[in-house]
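# Secondary and tertiary structure notes
Residues per chain are reported as follows:
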Amino acid sequence: MATEGPTGAEFLTVLHAAMRAVRCEADVQMGAEAVAPGQMRMLRALSRAGGSARPGELAELLGVSPRSVTSKVDAAERVGDVVRRPDPSDRRATLVELTERGRATLERLGRLRASGAGGLLEHLSIDEQRQLVDLLQKVVGDDRRC
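Residues numbered from 1 in each chain as written. Predicted model: local features only at pLDDT ≥ 70, side-chain atom pairs only at ≥ 80, totals over all residues. Heavy atoms only, no water.

A word on the sheet that holds strand E3 (residues 90-98). In space, the 3 strands of this open sheet follow the order E1-E3-E2, with antiparallel pairing throughout. In this open sheet, the two edge strands, each paired with only one partner strand, are strand E1 (52-53) and strand E2 (82-87). Bridging between E1 and E3 involves 2 bridges; their strand directions are antiparallel. Directly across from Ser 52, in E3, lies its bridge partner Glu 97. (Pairing = 2+ DSSP bridges. Helix = DSSP H or I, 4+ residues; strand = E, 2+ residues; numbered from the N terminus.)

Put into structure tokens, the structure is as follows:
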């Protein structure tokens, strides 16, 4: 008797729950230093872009509207994680630049998030942890478009 595999909806439900658990663990560890997931994505995107990007480019990298980027940049600028600077190649344009504080925020929160995820993995044996990571890697594949 053949059994059916999980549906795409079941997979997404469990995957989202796992990511919420990772964020929750990290938020507990970060306490007052917690940063919204969208802010972290923006800081990571800036880092991957070499440390600076125009707001429109940033919106494209994140797959969000330019208006959404503006509010994220405003929030990050208020705490000193980014600064806006004139684009030297086009004086009409602005660059959003990751600051040293922003780089430190990324590093610190990345460590805390990884530690929280590590705590969740403790529910599994070492073999199960390896199998989970291997299976997720297989799902992700080598084509990382995002």
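Having seen it, we continue.
The next subject is the pattern of salt bridges. Between side chains of opposite charge, a pair can form when the charged atoms approach closely. Throughout the structure, instances matching the rule amount to 10 salt bridges. The salt bridge partner of Arg 54 is Asp 87, with a shortest N-O separation of 2.7 Å. In this pair, Arg 54 sits in the loop between E1 and helix H3 (55-62) while Asp 87 sits in strand E2, placing the two residues 33 residues apart along the sequence. Across the salt bridge formed by Asp 134 and Arg 130, the nearest N and O atoms sit 3.1 Å from each other. (Salt bridge = Lys/Arg side-chain N within 4 Å of Asp/Glu carboxyl O.)

Let us look at the pairing of E2. Remember that side chains alternate between the two faces of the sheet whenever the strand is regular. By the bridge criterion, 6 bridges tie E2 to E3 in an arrangement that is antiparallel. In the strand pairing of E3, Val 82 is matched with Leu 98.

We now examine the packing of helix H1 (residues 8-30) against helix H5 (residues 100-121). Interhelical geometry of H1 versus H5 gives an angle of 120° and a closest axis separation of 8 Å. As the angle between them shows, H1 and H5 are arranged oblique. The handedness of the crossing between H1 and H5 is right-handed. Note on element contacts: H5 touches H1 through Leu 109, Leu 112, Arg 113, Ser 115, Gly 116, Ala 117 and Leu 120, opposite Ala 21, Val 22, Arg 23, Glu 25, Ala 26, Gln 29 and Met 30. In terms of residue class, the contact of H1 with H5 is built from 8 nonpolar, 3 polar and 3 charged. (Axes fitted to C-alpha atoms, helices over the stretch in contact; angles between N-to-C directions. Parallel < 35°, antiparallel > 145°, perpendicular 65-115°, else oblique. Left-handed = near helix turned anticlockwise from the far one by under 90°. Contact = heavy atoms within 4.5 Å. Nonpolar A, V, L, I, M, F, W, Y, C, P; charged D, E, K, R; others polar.)

For Gly 8, the location among the structural elements is in helix H1. Judged by its relative accessible area of 48%, Gly 8 falls in the partly exposed class. Each C-alpha atom, one on Gly 8 and one on Leu 61, is 26 Å from the other, the two residues being 53 residues apart in sequence. (Buried < 20%, exposed > 50% of the residue type's maximum accessible area, 1.4 Å probe, protein only.)

Together, Phe 11, Leu 12, Leu 15, Met 19, Leu 132, Leu 136 and Val 139 make up a nonpolar patch on the protein surface, roughly 570 Å² of accessible area in all. Judged by its relative accessible area of 36%, Leu 136 is partly exposed. (Patch = residues over 30% accessible without salt bridge, like charges linked within 9 Å, V, L, I, M, F, W, Y side chains within 5 Å. Areas by Shrake-Rupley, 256 points an atom, 1.4 Å probe, with all protein chains shown as cover.)

Quick look at helix H4 (residues 66-79) now. Here H4 spans 20 Å end to end across 14 residues, near enough to the 20 Å set by a 1.5 Å rise per residue. Within the sequence span of H4, burial applies to Val 69, Lys 72, Val 73 and Ala 76. The buried residues of H4 occupy an angular sector of 100° when the element is viewed end-on, so they sit on one face. Set apart from the buried face of H4 by more than 90 degrees, the exposed residues are Arg 67 and Arg 78. As for H4, its buried residues are in contact with helix H2 (37-48), H3, E2 and E3. Positioned one or two residues after H4, Gly 80 has a phi angle of 90°, which is positive. (Expected span 1.5 Å × (residues − 1). Arc of directions from axis to C-beta.)

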